[in-house]
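# Overview (structure and organization)
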Amino acid sequence: MQFFNWKYYILLNCMPMKKILIYLFATALFSSCSFPHYMFENKAQTLGLDFTQGKWLINDIDCPGNVYNELTQMSAKDFGGYLQDRLSPVYDVKGLILPQKINFNPSKKTLQEIKKGCEGFDYFINIRAGKLKEDVGPLDINPQNLISQSRSNQSEVLIEVYDLNLAEVIYSQKVIGTTTVANDHQDVHLAKTSRSLLLGAYGKIMQDIDKRSIKN
């Protein structure tokens, strides 16, 4: 449970906007910052992708609505940078027959069915993202002495790529981003939101793909 701090509410409502901005800036200087930590879950994924060949499909992203547009645009730009006109979003291709939801780590049989439903394509990109915890706001001014336990924001992103001709998963990675606010008796904390952690986790996976992959 978060506690409302009336002293900050009264103070901010009695100050003109210019002084509020100065106050917030000064507060930030003397606040406790909680830095994000990103953890790769699949240590066995040591290979990247070969972007030099084949036609690629990218699935509709399964993620919270408030980040859907941004994540869709980012993934189209990032993968499109490697593939150009060889990348197509599933919602732009007519005649596809795909399961309503494609679970991660699909079986060989499922991948064979996907291949039948999108004939002519060689690779399939599947992305899922979600918020796991959201206990803290970006500027947290709750009195920490009333809270006995640390609180955290946490998000995860999963990206898998399937070779449809071989019916195999050729890339699979999950990154979890976390920021924790400890009970350190500070009234003010700065922390990454779950949304920011989600986008950060996505960026970490794309950095991994870029580092390991074969590009034109």
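Here, every reference points to the structure presented above.
Described below are features of the structure shown in this document. Source: prediction; values computed, not measured. (Residues numbered from 1 in each chain as written. Predicted model: local features only at pLDDT ≥ 70, side-chain atom pairs only at ≥ 80, totals over all residues. Heavy atoms only, no water.)

## Brief notes about the packing of aromatic side chains
One pass over the full model with this rule turns up five aromatic pairs. Ring centres 5.3 Å apart and planes at 35° place the aromatic pair Phe51 and Trp56 in the tilted group. Here the aromatic rings of Phe51 and Phe79 are separated by 6.3 Å at their centres, their planes lie at 65°, and the arrangement is edge-to-face. Taken together, the residues span a long stretch of sequence, with Phe51 in the loop between β2 (37–40) and β3 (56–58) and Phe79 in helix α3 (residues 65–83) at a distance of 28 residues. Over the ring of Phe121 we find Lys55; its NZ or CZ atom is 4.7 Å from the centre of that ring. (Phe/Tyr/Trp six-rings, centres within 6.5 Å; stacked < 30°, edge-to-face > 60°. Helix = DSSP H or I, 4+ residues; strand = E, 2+ residues; numbered from the N terminus. Lys NZ or Arg CZ within 6 Å of the ring centre and 35° of its normal.)

## A closer look at the sheet that holds strand β8 (residues 168–181)
Spatial ordering of the open sheet is given by β2-β8-β7-β5-β3-β4, a layout of six strands whose pairing is mixed. Among the strands making up the open sheet, the edge pair consists of β2 and β4 (87–89). Neighbour-to-neighbour, the strand axes of the sheet open up by a mean angle of 20°, direction not taken into account. Where strand β5 (residues 123–134) lies against strand β7 (residues 151–163), 11 bridges are found, and the strand directions are antiparallel. Looking across to β7, one finds that Ile125 is bridged to Val161. Sitting on the sheet, helix α5 (residues 194–212) is in contact with β2, β5, β7 and β8, with an inclination near 35° to β7. (Pairing = 2+ DSSP bridges. Axes fitted to C-alpha atoms, helices over the stretch in contact; angles between N-to-C directions. Contact = heavy atoms within 4.5 Å.)

## Quick look at the environment of Val136
Among the secondary structure elements, Val136 is positioned in the loop between β5 and β6 (139–140). Among the residues examined, Val136 registers a relative accessible area of 5% and is labelled buried. Here the alpha-carbon distance between Val136 and Thr180, two residues 44 residues apart in the chain, equals 8.5 Å. (Buried < 20%, exposed > 50% of the residue type's maximum accessible area, 1.4 Å probe, protein only.)

## Re the nonpolar core
Trp56, Phe79, Ile125, Ile159 and Ile209 are the most contacted members of the largest nonpolar core, which totals 30 residues. Counting only elements with at least two residues in this core, the list comes to β3, α3, β5, β7, β8 and α5. A total of eight residues in this core trace back to one element, the largest contributor, which is α5. Contact partners of Ile159, with chain neighbours within four places excluded, come to Phe79, Phe104, Ile125, Asn126, Ile127, Tyr171, Ser172, Gln173, Tyr202, Ile205, Met206 and Ile209. Counting residues in hydrophobic clusters, the runner-up holds 11 residues, among them Leu57, Phe124, Leu164 and Ala167. (Core = buried A, V, L, I, M, F, W, Y, C linked by side-chain atoms within 4.5 Å.)

## So, the pattern of salt bridges
Opposite charge on two side chains permits them to pair, given that their charged atoms come into close proximity. Evaluation of the coordinates by the stated rule reveals four salt bridges. For Lys174, the salt bridge is made with Glu156, and the minimal N-O distance between the two is 3.7 Å. A residue pair is termed long-range when its members are at least 10 positions apart, and Lys174 in strand β8 and Glu156 in strand β7 qualify at 18 residues. The exposure class assigned to Lys174 is partly exposed, which follows from its relative accessible area of 24%. The exposure class of Glu156 is buried, given its relative accessible area of 13%. Across the pair Asp208 and Arg212 runs a salt bridge whose closest N-O atoms are separated by 2.6 Å. Taken together, the residues Asp208 and Arg212, both in helix α5 and four residues apart, mark about one turn of the helix. The exposure class assigned to Asp208 is buried, which follows from its relative accessible area of 6%. When its relative accessible area of 34% is taken as the criterion, Arg212 is described as partly exposed. (Salt bridge = Lys/Arg side-chain N within 4 Å of Asp/Glu carboxyl O.)

## Topic: α3
In this model, α3 (19 residues) spans 27 Å end to end at C-alpha, consistent with the 27 Å of a helix rising 1.5 Å per residue. As for α3, its buried residues are in contact with β3, β4, β5, β7 and α5. Phi turns positive one or two residues past the end of α3, at Gln84, with a value near 50°. (Expected span 1.5 Å × (residues − 1).)

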